[in-house]
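Architecture at a glance
Next come the chains, spelled out residue by residue.
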Amino acid sequence: MTRITVAKGDGIGPEIMVATLAILKAAGAQLEIDEIEVGEKVYLSGNTSGISNESWDVIRRNKIFLKAPITTPQGGGYKSLNVTTRKFLGLYANVRPCKSLHPFVETKHPVMDVVIVRENEEDLYAGIEHQQTDEVVQCLKLISRPGCEKIIRYAFEYTKQQNRKKVTCFTKDNIMKQTDGLFHQVFNEIAAEYPEIENEHWIIDIGAAKMADTPEAFDVIVMPNLYGDILSDVAAQITGSVGLAGSANIGEECSMFEAIHGSAPRRAGQNLANPSGLLQGAILMLNHIGQTDVAEKVQNAWLKTLEDGVHTYDIFKEGSSKEKVGTKEFAEAVIARLGQKPVTLQPVSYAGSEALQLPKYKRKPAANKSLIGVDVFVHWQGENPNELAEQIKQLEKENLVLKMITNRGIKVWPDGFKETFCTDHWRCRFHAKDGGEINKNAIPAILHEANGLAIDTIKTENLYAFDGKPSFSLGQGQ
Ligand code: NAD
């Protein structure tokens, strides 16, 4: 018996949750349920996060959370409950199966069966942004080794549990050699631990094009947050059935399962809504907690129901559909088919596999880190980089020399092109003259002297070598 937290949400939420829970119960799911209130009512009572402290306690105690969609009230000040939950509970993995149901749901990709595994916490979504000059703002892209290891291991463990065959990694590490480079490197390391699972890496641009054109070439795809955010929507959309998809948000301790659609307020209270998205979320939950035999039974009955043409209004099509039903009747139709398997659609088989075994992250011994230079970023309104170099050279120290100036990453000094467009945001790179280590005290000294010379420094980045390997990108053209 697993104790779970359930929130019925807003709009169509309560109806689809009742339908989903009825199906799970009839299928023999071993669940004990604690219900909490989240969403619109809580927001409108003056709680800007949409959830009370008592509800947090229940979620954290039970660890497994099945959530119906909620309505975020119009107007500012209300924080997205999904983002808050994801961040507070450390839900690092977002898992979204995207499968075509051809010929029962129209799609250009009849044999598509792809699972997108998206890193959920870091990358450009760490939310660290700054304006630095009149013309330039920046967003910090943070990729961590634990973040990569956790999501990539999750992808392989999920693949194994689901009897899937291949994990593909998408990155742009030909450009972002440090950040996406780390993701790719960790992918290679972890893939080697799963010799029975095929693995491959694609550069995201051509990979995304291939996925949109030939999704049957992929099985499980793992990627950093931003790419995953975009491509999980593309993948769901091209199955032809975005309204039928569920997703899982997995953390080390807690997880949340839901439909990907919203609360569809205009359809609420009319017994019209399709409960399939939430049911798919619930099936991910059953698999996660190891009740895989129940998950399989429910999924096969659901496929058989769709195949028999028993459809809610959103997927009903004159001709191919047989019976237009409401939320409640759809659930009853699924329940009536428990134990049956689809004939045209491929039946699923996950029975026998166990709950995912995800080891805790273990920190590696620290590398030998040496400081070999510094990038000093400067706000400067001039145009000729040679003039800036003359000013910056005044900051050189005995063993610290100006090596290069870049603008938006492109080398403009020495030997820049006059055609290169320059903003007011300049990076001035200092290295040890002898190619070795520098003294860290030199950095505040540079900043102090720059201040005296009215050079407007905006930030510095230390240039490190880890175990002797320079670990920063070169300037384009350096
Ligand atoms: P929506 O997904 O609620 O609706 C989009 C369209 O799909 C509508 O035409 C709707 O009628 C239809 N639809 C959605 N789910 C359906 C179902 N199960 N059966 C039949 N038809 C369905 O998106 P929206 O209209 O942009 O948002 C409505 C509300 O939902 C907003 O308050 C939004 O903030 C919220 N929302 C919540 C979540 C969540 O809780 N995870 C996600 C997205 C949107």
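Note that the structure is a prediction, hence the values are computed from the model and not measured.

About the thresholds
Residues numbered from 1 in each chain as written. Predicted model: local features only at pLDDT ≥ 70, side-chain atom pairs only at ≥ 80, totals over all residues. Heavy atoms only, no water. Pairing = 2+ DSSP bridges. Helix = DSSP H or I, 4+ residues; strand = E, 2+ residues; numbered from the N terminus. Contact = heavy atoms within 4.5 Å. Axes fitted to C-alpha atoms, helices over the stretch in contact; angles between N-to-C directions. Parallel < 35°, antiparallel > 145°, perpendicular 65-115°, else oblique. Left-handed = near helix turned anticlockwise from the far one by under 90°. Nonpolar A, V, L, I, M, F, W, Y, C, P; charged D, E, K, R; others polar. Core = buried A, V, L, I, M, F, W, Y, C linked by side-chain atoms within 4.5 Å. Buried < 20%, exposed > 50% of the residue type's maximum accessible area, 1.4 Å probe, protein only. Domains from an automatic or database assignment. Polar contact = N/O pair within 3.5 Å; in protein donor to acceptor, adjacent residues only side chain to side chain. Near = heavy atom within 4 Å. Areas by Shrake-Rupley, 256 points an atom, 1.4 Å probe, with all protein chains shown as cover. Expected span 1.5 Å × (residues − 1). Buried area = accessible area lost by both parts, 1.4 Å probe.

Take the sheet that holds strand β16 (residues 400-407) next. Strand pairing in a sheet takes place through backbone hydrogen bonds and is either antiparallel or parallel in direction. Spatially, 6 strands are ordered β17-β16-β18-β15-β19-β20 in an open sheet, and the strand pairing comes out antiparallel. Unpaired on one side and paired on the other, β17 (410-413) and β20 (469-470) mark the two borders of the sheet. Across 7 bridges, strand β15 (residues 369-379) lies against strand β18 (residues 425-432) in antiparallel orientation. Bridging from a neighbouring strand, V378 pairs with W426 of β18. Of the strands in this sheet, β15, β16, β17 and β18 are in contact with helix α12 (residues 385-393), which crosses β16 at around 150°.

Running from amino to carboxyl end, helix α1 (residues 13-26) crosses helix α9 (residues 276-288) at an angle of 40°, the nearest separation of the two axes being 9 Å. As far as their axial angle goes, α9 and α1 are oblique. In the crossing of α1 with α9, the sense of the turn from one axis to the other is right-handed. Contact residues: α1 offers I16, M17, T20, I23 and L24, while α9 offers L278, L279, A282, M285 and L286. Partitioning the contact of α1 with α9 into residue classes produces 9 nonpolar, 1 polar and no charged.

Glancing now at the nonpolar core. In this structure, L24, I152 and V222 are the most contacted members of the largest nonpolar core, which totals 76 residues. Counting only domains with at least three residues in this core, you end up with domain 1 (1-91 + 240-362) and domain 2 (108-238). Contacts of V222, omitting those with residues within four sequence positions, involve V117, I151, I152, A155, V167, T168, C169, F170, F183 and F187. Judged by nonpolar contacts, the second largest core, of 25 residues, contains V378, W426, A442 and I446.

What follows covers the side chain of T239. Summarising the element assignment, T239 is placed in the loop between α8 (225-238) and β11 (246-250). In this structure T239 comes out as buried when scored by relative accessible area, which is 2%. A polar contact of 2.6 Å, which involves the side chain of T239, links it to the backbone oxygen of A236. Non-local contacts of T239, meaning those with residues more than four positions away in its chain, are made with C98, K99, S100, E106, T107 and M112.

Around the ligand sit 18 residues, and of these G262, S263, A264, N274 and Y313 come closest. For the ligand, a nitrogen atom lies 2.8 Å from a polar atom in the side chain of Y313. If the ligand stood free it would expose 820 Å²; the protein chains cover 64% of that surface. Per-class residue counts for the shell around the ligand are 7 nonpolar, 7 polar and 4 charged.

In this section: α9. A rise of 1.5 Å per residue sets the reference length of α9, with its 13 residues, at 18 Å; its end C-alpha atoms lie 18 Å apart and thus fit the reference within 8%. Of all 13 residues that make up α9, 13 are buried, and the element is covered over most of its length. G290 sits one or two positions beyond α9 and adopts a positive phi of about 90°.

Another aspect to go through is the environment of R363. The topology assignment puts R363 in the loop between α11 (327-336) and β15. In sequence terms R363 and Q132 are 231 residues apart; their C-alpha atoms lie 34 Å from each other.

Let's shift gears to the sheet that holds strand β8 (residues 166-171). If you walk across this open sheet you meet the 10 strands as β2-β1-β3-β12-β11-β4-β5-β10-β8-β9, and the pairing is mixed. At either margin of the open sheet sits one strand with a lone partner, and together these are β2 (31-36) and β9 (198-203). Averaged over all adjacent pairs, the angle separating strand axes in this sheet is 20°, with direction ignored. Where strand β4 (residues 93-99) lies against strand β5 (residues 113-119), 7 bridges are found, and the strand directions are antiparallel. When the bridges of β5 are listed, V95 appears paired with V117. The strands touched by helix α4 (residues 81-88) are β3 (64-67), β5, β11 and β12 (255-259); relative to β12, the strand with the most contacts, the crossing angle is about 155°. The strands touched by α8 within the sheet are β4, β5, β8 and β10 (220-223), with β5 carrying the most contacts at an inclination of about 155°.

Partitioning the protein chain into structural domains gives domain 1 (1-91 + 240-362), domain 2 (108-238) and domain 3 (369-470). Taking only C-alpha atoms, the centre of domain 2 and the centre of domain 3 are 34 Å apart. Taken together, the contacts link 6 residues of domain 2 with 7 residues of domain 3. Around 640 Å² of area is buried between domain 2 and domain 3 when both sides are counted, 48% of it from carbon and sulfur atoms.

Burial along β10 is two-sided: the residues V220 and V222 and I221 and M223 are all buried. Pairing of β5 with β10 involves 4 bridges; the strand directions are parallel. The residue bridging R118 from the neighbouring strand is M223, located in β10.

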